[in-house]
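# Structural description and commentary
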Amino acid sequence: MNIYISNLSYSITDGDLTDLFNEYGPVTSAKVIMDRETGRSRGFGFVEMEDADGQNAIDELNNAEYEGKTISVSVARPRTERPAGGGGYNRGGGFGGNRGGYNRDNGGYNRGGGNGYNLGGRY
């Protein structure tokens, strides 16, 4: 069983997780997730152990206080597939709106309307 632990103190190590969960049965692996950029803990981790032992650990440790913080312990969900390419921001461009130019329906040139620039009413 793969177990997800969140709200960990940033000082917790893989060994600390192993020690904590060993009280409930043999731990196959324990990993605190670290930030790639800073090398600092991200405050969550995963532990693998047998199903019966793992469920007992979840029941006992969920909402327990550990190293001064109330941790959340649950069955880990499988990772969902995310689209490749990363990002997380909109690469779309443009200023939208009416881009100006001649518009005979509005009686000629459309000056300063919706082009994304504040012209201060001078044009």
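Up top is the structure these notes are about.
Attention here is on the structure that accompanies the text. Everything numeric here is computed off the predicted structure, so don't read it as measured data. (Residues numbered from 1 in each chain as written. Predicted model: local features only at pLDDT ≥ 70, side-chain atom pairs only at ≥ 80, totals over all residues. Heavy atoms only, no water.)

## Thoughts on the sheet that holds strand β3 (residues 41–49)
Test applied: At least two bridges found by DSSP between two strands are what make those strands a pair. Numbering of helices and strands runs from the N terminus; a helix is a DSSP stretch of H or I covering at least four residues, while a strand is a stretch of E covering at least two. Axes here mean lines fitted to C-alpha atoms, for a helix over just the part in contact, with angles spanning 0 to 180 degrees between N-to-C directions. Every residue pair with non-hydrogen atoms within 4.5 Å of one another is taken to be in contact.
Across the sheet, which stays open at both edges, the 4 strands sit in the order β2-β3-β1-β6 with antiparallel pairing between neighbours. Looking along the sheet, the strands with just one partner apiece sit at the ends: β2 (27–34) and β6 (72–75). Geometrically, the sheet is characterised by an average inter-axis angle of 20 degrees between neighbouring strands, direction not taken into account. Relative to β3, β2 runs antiparallel, the two sharing 6 bridges. Each residue of the ladder has a partner; that of Met34, found in β3, is Ser41. Most of the contacts of helix α1 (residues 14–22) go to β2, to which it runs at about 140 degrees, and overall it touches β1 (2–6), β2, β3 and β6.

## Some words on helix α2 (residues 51–61)
Our working definition: When a residue's accessible area, from a 1.4 Å probe over protein chains only, is under 20% of the maximum for its type it is buried; when over 50% it is exposed; and in between it is partly exposed. The arc under discussion is defined with respect to the helix axis, by the directions toward the C-beta atoms.
Of the residues making up α2, those classed as buried are Gly54, Ala57, Ile58 and Leu61. The arc that holds every buried residue of α2, seen down its axis, measures 100 degrees, which confines them to one face. In α2, the exposed positions that point more than 90 degrees away from the buried face belong to Ala52 and Asp59. In this structure, the buried side of α2 is in contact with β1, α1, β3 and β6. Once α2 finishes, Asn63 follows within two positions and takes phi at roughly 65 degrees, a positive value.

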